[in-house]
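So the chains spell out like this:
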Amino acid sequence: MADLLTISNLATGGGTLVLAIATFGSVRSANRAVRVAEQALLQNMRPVLLPTRVDDQPEKIMWSDQHWARLPGARASVELVEGNIYLAFSMRNVGSGLGVLQSWQVHAPYRDFTISMGNVSDYRQLSRDLYIAPGDVGFWQTGLRDPEDPVYQQVHHTIKAREPFSVDLLYTDHEGGQRTVTRFGVYPHEGPNGSDEGIWLLSVARHWNLDHTSPH
């Protein structure tokens, strides 16, 4: 006859194995549910910035030296005044989270979407906090005033030549997460018969999601 103790031990071992498999499956399912919930939460916090529409209300913008500009929708403000360069453009947040602008880098001449965004540690910090609420519009601005600054020199030449340039803008959600860099293109616009109306148009070239496994 079979040893009852051996049979009992085998039965206990088998039961323990089944329980372990069931527990492992339950833990995997729970972890998957947590990841899905986390992704859903992040989706609700994610800002996505695009150019404003032509029919959006104009933005009135002031720089620290009391220079003012009126910025219509879908356009950029590009001015060279008494040796100072004033740049600005308006954006619409089409995401579901608050967008907080962090830093920027200007490329003159223009860089298309095939060229890397570079190292964000080299970007220039904004001098004040700028926020764009979900479904709302806001703006980015900067002033370049030092002729010895290489960026000033590049942008100055580009403006005078009426050539396109690009701006890489780093922004986050309100907790500083979900870092995103969006490359905006700024293009000169010619009026009828090739006349120069001083208008600059805005477009978006690419988004880089820095905190994702795949950055694109």
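Procedures and definitions
- Residues numbered from 1 in each chain as written.
- Predicted model: local features only at pLDDT ≥ 70, side-chain atom pairs only at ≥ 80, totals over all residues.
- Heavy atoms only, no water.
- Helix = DSSP H or I, 4+ residues; strand = E, 2+ residues; numbered from the N terminus.
- Buried < 20%, exposed > 50% of the residue type's maximum accessible area, 1.4 Å probe, protein only.
- Contact = heavy atoms within 4.5 Å.
- Areas by Shrake-Rupley, 256 points an atom, 1.4 Å probe, with all protein chains shown as cover.
- Polar contact = N/O pair within 3.5 Å; in protein donor to acceptor, adjacent residues only side chain to side chain.
- Core = buried A, V, L, I, M, F, W, Y, C linked by side-chain atoms within 4.5 Å.
- pLDDT = per-residue confidence, 0-100.

Colleague: Lay out the overall build of the protein in plain terms, naming residues and giving numbers.
Modeller: A tally of regular secondary structure across the protein gives 2 helices and 11 strands. Counting every position in the protein, which comprises 216 residues, the buried fraction comes to 37%. Look at the contacts in the protein between residues 6 or more apart in sequence, and 65% of them connect residues 24 or more apart. With an accessible surface of roughly 12,400 Å², the protein has 55% of that area assigned to carbon and sulfur atoms.

Colleague: Now, about the side chain of Thr52: what can you tell me, with residues and values included?
Modeller: Its location among the elements puts Thr52 in the loop between β1 (49-51) and β2 (59-62). We classify Thr52 as buried; its relative accessible area is 7%. Within the local environment of Thr52, its side chain forms a polar contact with the backbone nitrogen of Ala74, the two atoms lying 2.8 Å apart. In terms of polar contacts, Thr52 uses its side chain to reach the side chain of Ser90, at 2.7 Å.

Colleague: I'd like a description of the nonpolar core, backed by residues and values.
Modeller: Taken as a class, soluble globular proteins show a tendency for nonpolar side chains to be buried jointly. Membership of the largest hydrophobic core comes to 35 residues, with the highest contact counts inside it found for Leu87, Leu101 and Trp140. Tallying contributions element by element places strand β5 (residues 84-93) first for this core, with 6 residues. Ignoring anything within four residues of it in the chain, the contact list for Trp140 reads Leu87, Ala88, Phe89, Met91, Leu101, Trp104, Val106, Leu126, Leu130, Val167 and Leu169.

Colleague: I'd love a proper account of the confidence of the model for the protein, names of residues and values included.
Modeller: On average, the protein scores 85 in pLDDT, and the residues at 70 or more come to 75%. Taking the mean pLDDT of every element in the protein, the minimum, 58, falls on helix α1 (residues 4-45) and the maximum, 98, on strand β9 (residues 165-172). This model gives residues 36-42 a pLDDT under 50, and the stretch forms 1 contact once residues within four places in sequence are excluded.

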